[in-house]
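Summary of structural features
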Amino acid sequence: MASTLQMAAADPAMLAVVRQCRQLLHRRALVAGVASAVPVPGLDWAVDAALLSRLIPAINAAFGLTPEQLDRLDPGKREKVQKAVAQVGTLLVGKFVTQDLVLRAARVVGVRLTAKQAARYVPLAGQAVSALIGYSAIRYLGEQHIKDCIAVVKSAGLALPAPAKSRQSLDR
């Protein structure tokens, strides 16, 4: 399976957006990892949900795939995007990110998250393992979402938004 950088390699603008998104993803995944190491029941789930509920819309915005951005497209382009979203099979592209959508996405890495909960109660080594799993889970979900966005943009033939707008939405 191709990495996000490989998927975007032929398009310099796409490559720049992918790099920005991956940088944001890395920062957010680090926060998730730190929260996972803290042995307070439920804290990591709350942090993960909060991170994902802001991360997914920021990635969507960078690719021009927020509901607001899609509403500005002409009807023909919007239909192409809808077909591309259906073809890719993604839940999070072009939608308002709700708690339900975040929970559905988290089910993808549910086994990792359950192991994270159990590992946390083993002194020191368990907290380190829990932090690594927390980082990996968010990183995995983010990378998958970036891949989905790339596939939708390419399939629908969309132009990426201007870089300044992408940066602003990513910095939120």
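This text follows the structure it describes.
So, a few notes on the structure that sits alongside this text. (Residues numbered from 1 in each chain as written. Predicted model: local features only at pLDDT ≥ 70, side-chain atom pairs only at ≥ 80, totals over all residues. Heavy atoms only, no water.)

**Quick notes on the overall build of the protein**
Each helix and strand counted, the protein has 9 helices and 0 strands in total. When the elements of the protein are put in sequence order from the N terminus, they spell out α-α-α-α-α-α-α-α-α. By residue count, 46% of the 172 residues in the protein fall in the buried class. Put simply, of all contacts in the protein between residues at least 6 apart along the chain, 77% involve residues at least 24 apart. Here the protein displays about 8,900 Å² of accessible surface, and carbon together with sulfur accounts for 63% of that area. (Helix = DSSP H or I, 4+ residues; strand = E, 2+ residues; numbered from the N terminus. Buried < 20%, exposed > 50% of the residue type's maximum accessible area, 1.4 Å probe, protein only. Contact = heavy atoms within 4.5 Å. Areas by Shrake-Rupley, 256 points an atom, 1.4 Å probe, with all protein chains shown as cover.)

**Points about the pattern of salt bridges**
Considering all chains together, one arrives at 3 salt bridges under this definition. With a shortest N-O distance of 2.8 Å, E143 and R22 are connected by a salt bridge. Taken together, the residues span a long stretch of sequence, with E143 in helix α8 (residues 125-156) and R22 in helix α2 (residues 12-37) at a distance of 121 residues. Between E79 and K83 there is a salt bridge, with the nearest N and O atoms lying 3.4 Å from each other. Here the residue E79 and the residue K83 both occupy positions in helix α5 (residues 75-88), the gap between them amounting to 4 residues, near one helical turn. Judged by relative accessible area, E79 falls into the partly exposed class, the value being 42%. (Salt bridge = Lys/Arg side-chain N within 4 Å of Asp/Glu carboxyl O.)

**A short note on a nonpolar patch on the surface**
Among the surface-exposed residues, V38, V40 and L43 lie close enough to one another that they form a single nonpolar patch of about 190 Å² accessible area. For V40, the location among the structural elements is in the loop between α2 and α3 (43-62). (Patch = residues over 30% accessible without salt bridge, like charges linked within 9 Å, V, L, I, M, F, W, Y side chains within 5 Å.)

**A closer look at the nonpolar core**
Core analysis: the biggest nonpolar cluster contains 37 residues, and M14, F63, L65, V81 and I146 have the highest contact counts within it. Mapped by element, the contributors of at least two residues to this core are α2, α3, α5 and α8. Take this core: its biggest share by element is 10 residues, from α2. (Core = buried A, V, L, I, M, F, W, Y, C linked by side-chain atoms within 4.5 Å.)

**Things to note about the environment of W45**
Looking at the element boundaries, W45 is found in helix α3. On a C-alpha basis, the gap between W45 and A32 in space is 9.0 Å, while along the polypeptide they are 13 residues apart.

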